[in-house]
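Examination of the molecular architecture
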Amino acid sequence: MKYVNVGLIGFGTVGSGLAEVLLSQQERIQQRTGLLVRLVKVADRSARELPARFADTVLTNDAADLINDPEIDIIVELIGGIEPAKTFVMEAIAAGKHVVTANKALLAQEGKDIFAAAAAQGVEVGFEASVGGGIPLIKGLKEGLVANNILSIMGILNGTANYILTRMTDEGSAFAEVLKDAQDLGFAEADPTYDVEGIDTAHKLAILMTMAYGMNITHNEIVTEGISSIEPVDIDFAREFGCRIKLLAISRNHGDHVEARVHPTMVPDSHLLASINGAYNAVHFHGDMVGNVLLYGQGAGKMPTGSAVAADVMDIARDIAAGSVGRVPSLSYLPEHIQDRGVTPLDKISCPYYFRITALDKPGVLAAVADVLSRHAISIESVLQKGREEAGPVSIVMQTHTATESAVSAALAEIDALDTITAPTVKIRMLVEE
Ligand code: HSE
């Protein structure tokens, strides 16, 4: 039987998951590829030895032992972060090896260099596991949905943030209480700021947008706000408006420009994304031919993510065996058709808004707020007032009709400057059903 040799850099959660998948599914992999896919070497700086069942695999602490090994066909990078991951990936490509990575930060920031180098060398780069763990989102875009113009992407792409919001919603717990539990469960990033401040979600959205729209984009171009300032009171008010608060990645393709944003969003209970709970991920694509598609599953974890890495390895192994390397372009579009496109400036975005205004409970306060909103052409859909305490401030909660971000920012600056307003107004954007 023909074989393909794999070298793995990084034997952490996902790396050890890949090793387990390649071992436990060996027979199935042979039945599906006609090949023996062998994990021949692992490089890891801290592992002392591999479990006995990986007796055929050599352990080293130097990635160069893999990159310089002429017997290795595919290098899998699973160490995360920008450096030394980028150096290893670029060196592997320069050595003529195919690369598989789960590194969303690396691809969202340095993808342009990596894909250009791979195209020049005629090697493949697989990155299914970089977005949505075990969910076949990348394959979905580059194969199943390939005949569509993708018009929008909306997703829950960070399990940690979704887990925290779900528990805050179900139990009324505060943000800080739940974060620690999420870290203990092992799906949070090394720096949980990436999870809760939306950065990890923005990395993943940049990758999906590149593939869906054939555009160059880095996560730095995506408006990104996290969930650390969400309070249980806003979750309760959201419920009264028939919504749940989710950290959403949102992108709409307007042809000559595209929206790209990550922020807490009030999602109507009737929308499928409102029912994605716990550490699960889901992405909702709208294609011009197919209509709506929802892909749902485990966005992190050893075996789900390990199986996605193994799928990339198998794809490349099949292409090597068939002499069809590069048959499916790594980014779905041919490199010469990946273009720069404008990203819609934040102040041009429009949607309905939720406001929580903290005000003294006196005659004329609501009229003054309504006057500011009316001067900025912001129309109110509904209003609630809660929490009257002895001479203390109250929450005036509003849902608006669709308004522009620029009008909302200007109006809230004026509202917050009123003498009767005692704390900055909380603003949460609302999702409109497509
Ligand atoms: N930290 C990520 C999450 C892991 O919580 O979803 C997978 O990218």
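Residues numbered from 1 in each chain as written. Predicted model: local features only at pLDDT ≥ 70, side-chain atom pairs only at ≥ 80, totals over all residues. Heavy atoms only, no water.

1. Examining the overall build of the chain
Let me state the cut-off plainly: The secondary structure listing takes helices from DSSP runs of H or I that are at least 4 residues long and strands from runs of E that are at least 2 residues long, numbered from the N terminus. In this treatment the radius of gyration is a C-alpha quantity, and the globule benchmark scales as 2.2 Å times the residue count to the 0.38 power. When a residue's accessible area, from a 1.4 Å probe over protein chains only, is under 20% of the maximum for its type it is buried; when over 50% it is exposed; and in between it is partly exposed. Residue contacts are counted whenever heavy atoms from the two residues lie within 4.5 Å of one another. Note on areas: Shrake-Rupley with a 1.4 Å probe; residue coverage comes only from the protein chains shown.
Summing up its helical and strand segments, the chain has 14 helices and 22 strands in all. Against the globule reference of 22 Å for 434 residues, the chain gives a C-alpha radius of gyration of 24 Å, in line with a compact fold. Overall size of the chain, expressed as C-alpha extent along the three principal axes, is 85 × 45 × 35 Å. For the chain, the residues scored as buried account for 53% of the 434 residues in total. Relative to all contacts within the chain whose residues are 6 or more apart in sequence, the contacts with residues 24 or more apart total 73%. In the form shown here, the chain has an accessible surface area of approximately 18100 Å², with 50% of it arising from carbon and sulfur atoms.

2. Description of the pattern of salt bridges
Condition: We define a salt bridge as a side-chain nitrogen of Lys or Arg found within 4 Å of a carboxyl oxygen belonging to Asp or Glu.
What the rule picks out here adds up to 23 salt bridges. In this structure, Glu 20 engages Arg 53 in a salt bridge whose closest nitrogen and oxygen atoms are separated by 2.4 Å. Here Glu 20, found in helix α1 (residues 13-24), pairs with Arg 53, found in the loop between β2 (35-43) and β3 (58-60); they are 33 residues apart in sequence, far enough to count as distant. Residue classification places Glu 20 among the buried residues on the basis of a relative accessible area of 16%. Of the charged contacts in the structure, one is a salt bridge between Arg 244 and Asp 170, with a shortest N-O distance of 3.6 Å.

3. Considerations on the site of the ligand
Defined as follows: The near set for a molecule or strand comprises every residue that places at least one heavy atom within 4 Å of it. A 3.5 Å cut-off defines polar contacts: any pair of N or O atoms within that distance qualifies, except that in protein one atom must be a possible hydrogen donor and the other a possible acceptor, and neighbouring residues in sequence count only when both atoms are side-chain atoms. Three residue categories are used. Nonpolar comprises Ala, Val, Leu, Ile, Met, Phe, Trp, Tyr, Cys and Pro, charged comprises Asp, Glu, Lys and Arg, and polar comprises the others, including Gly.
The local shell around the ligand consists of Lys 104, Asn 158, Gly 159, Thr 160, Phe 187, Ala 188, Glu 189, Asp 195, Asp 200, Lys 204, Gly 299 and Ala 300. Gly 159 places a main-chain nitrogen or oxygen 2.7 Å from an oxygen atom of the ligand. Here a nitrogen atom of the ligand sits 2.7 Å away from a polar atom, N or O, in the side chain of Asp 195. Contact with the protein chains removes 91% of the 260 Å² of surface that the ligand exposes when unbound. In terms of residue class, the shell around the ligand is built from 3 nonpolar, 4 polar and 5 charged.

4. Concerning the domain arrangement of the chain
Heads up, the rule is: The split into domains, and so the bounds of each, comes from an automatic or database assignment of domains. A 1.4 Å probe defines the accessible area here, and the buried area is the portion of it lost by two parts on being joined, summed over both.
Split into domains, the chain comes out as domain 1 (2-134 + 302-337), domain 2 (138-298) and domain 3 (346-430). Distance from the C-alpha centre of domain 1 to the C-alpha centre of domain 2: 27 Å. Counting residues at the interface gives 22 residues for domain 1 and 25 residues for domain 2. Taking both sides of the interface into account, the surface hidden between domain 1 and domain 2 amounts to around 1900 Å²; carbon and sulfur atoms contribute 60%. Among the residues domain 1 hides against domain 2, the three largest losses belong to Lys 104, Ala 108 and Val 131. Together they make up 28% of the total. Inspection of the region where domain 1 meets domain 2 yields 3 salt bridges. For Asp 200, the salt bridge identified is with Lys 104, shortest N-O distance 2.9 Å.

5. Re the nonpolar core
Put simply, the test is: Only buried residues count toward a nonpolar core, which is a set of Ala, Val, Leu, Ile, Met, Phe, Trp, Tyr and Cys residues joined through side-chain atoms within 4.5 Å.
The biggest cluster of nonpolar side chains holds 78 residues, and the ones touching the most others in it are Ile 153 and Met 209. Examining the composition of this core, we find that 9 residues originate from one element, helix α10 (residues 199-213), more than from any other. Beyond its immediate sequence surroundings of up to four residues, Ile 153 is in contact with Leu 205, Leu 208, Met 209, Ala 212, Tyr 213, Ala 249, Ile 250, Ser 251, Val 283, His 284 and Phe 285. Ranked by size, the runner-up nonpolar core spans 28 residues in total, among them Leu 39, Ala 129, Ala 308 and Ala 317.

6. Details of the packing of aromatic side chains
We apply this condition: Two rings from Phe, Tyr or Trp (for Trp, the six-membered ring) form a pair when their centres are within 6.5 Å of each other. A pair whose planes differ by under 30 degrees is stacked, one over 60 is edge-to-face, and the rest are tilted.
For the coordinates displayed, the defined rule picks out 5 aromatic pairs. Ring geometry for Tyr 353 versus Phe 355: centroids 6.2 Å apart, planes at 35°, classification tilted. Assessed through its relative accessible area of 0%, Phe 355 is described here as buried.

7. What to know about a nonpolar patch on the surface
Heads up, the rule is: For patches, a residue must show more than 30% relative accessible area and have no salt bridge; joins then use 9 Å for like charges and 5 Å for nonpolar side chains, namely Val, Leu, Ile, Met, Phe, Trp and Tyr.
On the surface, a cluster of nonpolar side chains totalling about 360 Å² of accessible area is made up of Leu 272, Tyr 280, Leu 294 and Tyr 296. By the element assignment, Tyr 296 lies in strand β14 (residues 291-298). The partly exposed category is assigned to Tyr 296, whose relative accessible area is 46%.

8. Section: the sheet that holds β2
The criterion, for reference: Between any two strands, at least two bridges found by DSSP are needed for them to pair. Angles here are taken between N-to-C directions and fall from 0 to 180 degrees, while the axes themselves are lines fitted to C-alpha atoms, restricted in helices to the stretch in contact.
Strand order in the open sheet made by the 6 strands is β3-β2-β1-β4-β5-β6, with parallel pairing throughout. Each of the sheet's edge strands pairs with one partner strand only, and the pair in question is β3 and β6 (125-126). Sheet topology note: the strand β1 (residues 2-9)/β2 ladder contains 8 bridges and is parallel. Residue Gly 7 lies in a different strand from β2, and its bridge partner there is Lys 41. Along the sheet, helix α12 (residues 302-322) contacts β1, β2, β4 (74-77), β5 (98-101) and β6; its crossing angle with β5, the most-contacted strand, is approximately 165°.

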